[in-house]
Amino acid sequence: MRIGIVCYPTFGGSGVLATELGKALADKGHQVHFITYQQPVRLSEFNANIYYHEVLVPTYPLFDYPPYETALASTMVDVIVNNNLDLLHVHYAVPHASAGYMAKMILAKQGKHIPVITTLHGTDITLVGKDKTFAPVVTFSINESDAITAVSENLRDETYKNFVVEKEIQVIQNFVDFKRFRKKPIDAFRRVIAPNGEKIVMHASNFRKIKRVGDVVKIFEKISKKVPSKLLFVGDGPERAMAEGMCRDLGLCDDMRFVGRQEQMEDILAISDLFLLTSEYESFGLAALEAMAAGVPVISTNAGGLPEINVEGVTGFLGNIGDIDTMSEAAIKLLSNPHLLQQFKTNAVNHAEKFDIDNVVPIYEELYMKQLEAINN
Ligand code: GMT
């Protein structure tokens with residue numbers, strides 16, 4: 001198949017998922033065309049089946065707000081026509097689903113019919129999408145998509161709760177390239193971070209408010225009083241300065257490290273003992289799944305779709321949003337009992353394997369085939 005993929009090219013989970021999906025489809029022989037405003041972060045190696053088309057948004061003195069959606073829809077049309085694409089798969093509804101609808105309508109006028117598949121990822125529904133500034137357009141374009149998928153059962157339910165959606169939303173959960181995360185720890189790297197054999201606790205996110213990174217610091221403060229440990233903060237974003245301020249105020253700077261955005265997550269996860277995810281909401285929590293695939297148990301909130309991947313008392317522990325005490329007690333319990341920690345590490349790997357890329361990509365392929373059959377009949 002010749003597939004167009006539209007996503008955000010940044011470090012966000014939806015872009016990561018879309019890029020990994022495109023790469024996996026290309027490995028299976030499909031021709032994949034990424035249409036984004038920047039090269040997606042995880043699209044660094046050459047693959048003969050992958051094409052990248054940049055969306056350029058011209059500036060003009062009249063435009064206080066450059067019309068990205070118009071440029072995107074026009075680029076979609078151009079790429080679809082010139083590469084004879086079979087279908088378009090857009091990730092994150094805002095504004096990709098409405099741009100996809102616009103492209104589809106333009107092409108229909110030219111006699112080309114192309115299915116548009118929309119994958120909902122999380123904040124496109126729960127935060128941005130349901131804001132009344134966007135809601136009518138999001139509702140319309142979701143309903144006009146030929147197929148809709150959501151990355152968790154929770155997100156499917158949230159979508160039905162917040163929007164009038166008449167179509168079936170198929171749940172296709174996030175996946176992980178299991179092989180990639182089965183890496184041996186690099187001892188020298190571990191020694192740099194934890195020179196005296198301290199435990200390594202980690203958090204990775206885009207440091208948005210919804211991640212509650214302040215809670216990560218508070219939990220770590222409690223952990224470090226009981227278990228010699230270090231905290232690695234991976235990623236960057238608006239709340240990073242606040243987290244750094246907290247670490248200074250609490251006198252924890254020697255034990256906390258902000259390593260910024262990292263592409264080699266597997267190397268960092270390989271030396272980590274515990275992953276903290278304190279979000280107010282996660283439709284799924286891809287970062288937690290990647291941690292589990294690397295054999296790192298997870299202490300998380302029970303928000304959104306997190307209970308669908310982090311199994312209480314098996315792969316980690318879950319607490320209510322903001323419940324620092326419960327989450328830190330669970331973390332201390334795990335980190336101070338080597339036998340229990342090892343058991344949870346094994347459980348995490350075993351559970352993550354269910355979300356292996358090889359199990360999930362065929363579900364997308366089947367969906368594409370179904371849509372192509374429907375449009376051709
Ligand atoms: O987590 C973020 O803020 C980024 C966001 C995105 O769309 O890029 O991630 C969402 O999509 C991921 C991939 O499907 C999910 O694993 C994340 O849970 C989801 N984030 C939220 O729902 C907050």
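Residues numbered from 1 in each chain as written. Predicted model: local features only at pLDDT ≥ 70, side-chain atom pairs only at ≥ 80, totals over all residues. Heavy atoms only, no water.

Colleague: Could you clarify how one ought to interpret the layout of surface pockets in this entry?
Modeller: Rolled over the atoms, a probe as big as a water molecule pinpoints where empty space is left. Roughly 460 Å³ of internal volume is contained in the second largest pocket. Taken together, 22 residues make up the lining of the second largest pocket; nearest its centre are Glu20, Lys23, Asp27, Glu45 and Asp177. Going through the elements one at a time, helix H1 (13–27), helix H7 (178–181) and helix H16 (357–376) are the ones with two or more residues in the lining of the second largest pocket. Classifying every residue of the lining of the second largest pocket gives seven nonpolar, three polar and 12 charged. (1 Å grid on protein atoms, 1.4 Å probe; cavity = no way out; pocket = protein on both sides within 12 Å on 5 of 7 lines; lining within 4 Å. Points joined across faces, edges and corners; volume = space filled by probe spheres on them. Helix = DSSP H or I, 4+ residues; strand = E, 2+ residues; numbered from the N terminus. Nonpolar A, V, L, I, M, F, W, Y, C, P; charged D, E, K, R; others polar.)

Colleague: Is there a simple way to think about helix H3 (residues 93–109) in this case?
Modeller: Because each turn of an α-helix spans 3.6 residues, side chains separated by three or four positions in sequence point in the same direction. When the terminal C-alpha atoms of H3 are compared, their 23 Å separation across 17 residues agrees well with the 24 Å that a helix rising 1.5 Å per residue should span. Within H3, burial applies to Ala93, Val94, Pro95, His96, Ala97, Ser98, Ala99, Gly100, Ala103, Lys104 and Leu107. Where the residues of H3 are buried, they touch strand S1 (2–6), helix H2 (68–83), strand S4 (87–91), strand S5 (116–120), helix H4 (123–126) and helix H5 (135–144). Count one or two residues on from H3 and you reach Gly111, which has phi positive near 85 degrees. (Expected span 1.5 Å × (residues − 1). Buried < 20%, exposed > 50% of the residue type's maximum accessible area, 1.4 Å probe, protein only. Contact = heavy atoms within 4.5 Å.)

Colleague: Teacher, can you tell me more about the pairing of S4 here?
Modeller: A regular strand places its side chains on the two faces of the sheet in alternate fashion. For S4, the tally of buried residues reaches five of five residues, placing the bulk of the element in the interior. Here S1 runs beside S4; their pairing, made up of four bridges, is parallel. Bridge pairing in S4 links Gly4 to Leu88. Here four bridges tie S4 to S5, and the two strands are oriented parallel to one another. Its bridge partner being in S5, Val90 is matched across the sheet by Thr118. Each parallel crossover has a hand, and for S4 linked through H3 to S5 it is right-handed. (Pairing = 2+ DSSP bridges. Right-handed = clockwise from strand over helix to strand, strands pointing away.)

Colleague: Help me understand the side chain of Asn174 in this model?
Modeller: Take Asn174: it is sitting in the loop between strand S7 (169–171) and H7. With residues up to four places along the chain from it excluded, the contact list for Asn174 reads Leu17, Val151, Phe284, Leu286, Leu289 and Phe355.

Colleague: Please explain the packing of aromatic side chains as it appears in this structure.
Modeller: Here the distance between the centres and the angle between the planes together describe a pair of aromatic rings. Across all of its chains, the model carries nine aromatic pairs by this definition. Ring centres of Phe207 and Phe233 lie 5.4 Å apart, and the angle between their planes is 55 degrees; on these two criteria the pair is classed as tilted. One end of the pair, Phe207, is in the loop between strand S8 (199–204) and helix H9 (213–226); the other, Phe233, is in strand S9 (residues 229–234), and 26 residues separate them in sequence. Across this residue pair, the class does not change: Phe207 and Phe233 are buried. Grouping aromatic residues by their ring pairs yields a cluster made of Tyr8, Tyr37, Tyr68 and Tyr92. (Phe/Tyr/Trp six-rings, centres within 6.5 Å; stacked < 30°, edge-to-face > 60°.)

Colleague: Explanation requested: the domain arrangement of the protein chain in the structure shown.
Modeller: When the parts come together, some accessible area is lost, and that loss is often what is quoted as the size of the interface. On domain assignment, one finds that the protein chain holds domain 1 (2–175 + 356–376) and domain 2 (178–355). Spacing between the C-alpha centres of domain 1 and domain 2 amounts to 30 Å. At the junction of the two partners, domain 1 supplies 27 residues and domain 2 supplies 22 residues. Put simply, domain 1 and domain 2 have three salt bridges between them. Among the ionic pairs, Arg42 bridges to Glu290, the shortest N-O distance being 3.2 Å. Every element with two or more residues in the side of domain 1 that touches domain 2 is listed here: H1, H4, helix H6 (153–162) and H16. Split into classes, the residues belonging to the side of domain 1 that touches domain 2 amount to 10 nonpolar, 11 polar and six charged. (Domains from an automatic or database assignment. Salt bridge = Lys/Arg side-chain N within 4 Å of Asp/Glu carboxyl O.)

Colleague: Help me understand the sheet that holds S9 in this model?
Modeller: Note on sheets: strands pair through backbone hydrogen bonds, and any given pair is parallel or antiparallel. Taken together, the six strands give an open sheet; going across it, the order is S10-S9-S8-S11-S12-S13, and neighbouring strands pair in parallel fashion. Pairing within the sheet leaves two strands with one partner each, and these edge strands are strand S10 (256–260) and strand S13 (316–319). The mean inter-strand angle of the sheet, taken between neighbouring strand axes irrespective of direction, is 20 degrees. Relative to the sheet, helix H10 (residues 240–249) contacts S9 and S10, its axis offset from that of S10 by approximately 160 degrees. (Axes fitted to C-alpha atoms, helices over the stretch in contact; angles between N-to-C directions.)

Colleague: In this structure, what is going on with a nonpolar patch on the surface? I would like to understand it.
Modeller: Where nonpolar side chains cluster on the molecular surface, the patch consists of Tyr60, Leu62 and Phe63 and spans about 340 Å² of accessible area. Position of Leu62 among the secondary structure elements: in the loop between strand S3 (50–54) and H2. (Patch = residues over 30% accessible without salt bridge, like charges linked within 9 Å, V, L, I, M, F, W, Y side chains within 5 Å. Areas by Shrake-Rupley, 256 points an atom, 1.4 Å probe, with all protein chains shown as cover.)

Colleague: Please explain the site of the ligand as it appears in this structure.
Modeller: Around the ligand, a shell composed of 18 residues is seen, among which Ser14, His121, Lys211, Glu282 and Ser283 lie nearest. The contact in question runs from an oxygen atom of the ligand to an N or O atom on the side chain of His121, over 2.7 Å. Contacts to the ligand include Asn206, whose side-chain N or O atom sits 3.0 Å from an oxygen atom. Burial of the ligand by the surrounding chains reaches 96%, relative to a free accessible area of 480 Å². Looking at the shell around the ligand residue by residue, the class counts come to five nonpolar, 10 polar and three charged. The residues that make up the shell around the ligand include at least three from each of domain 1 (2–175 + 356–376) and domain 2 (178–355). (Near = heavy atom within 4 Å. Polar contact = N/O pair within 3.5 Å; in protein donor to acceptor, adjacent residues only side chain to side chain.)

Colleague: Is there a simple way to explain the sheet that holds strand S2 (residues 31–36) in this structure?
Modeller: The strand order S3-S2-S1-S4-S5-S6-S7 describes an open sheet built from seven strands, whose pairing is parallel. The open sheet has two free edges, formed respectively by S3 and S7, since each of these has just one partner strand. This sheet shows a mean twist of 25 degrees between the axes of neighbouring strands, independent of strand direction. In the sheet, S1 pairs with S2 via five bridges, with the strands oriented parallel. Looking at S2, one finds that Arg2 is bridged to Gln31. On top of the sheet, H3 reaches S1, S4 and S5; it is set at about 175 degrees to S5, its chief contact.

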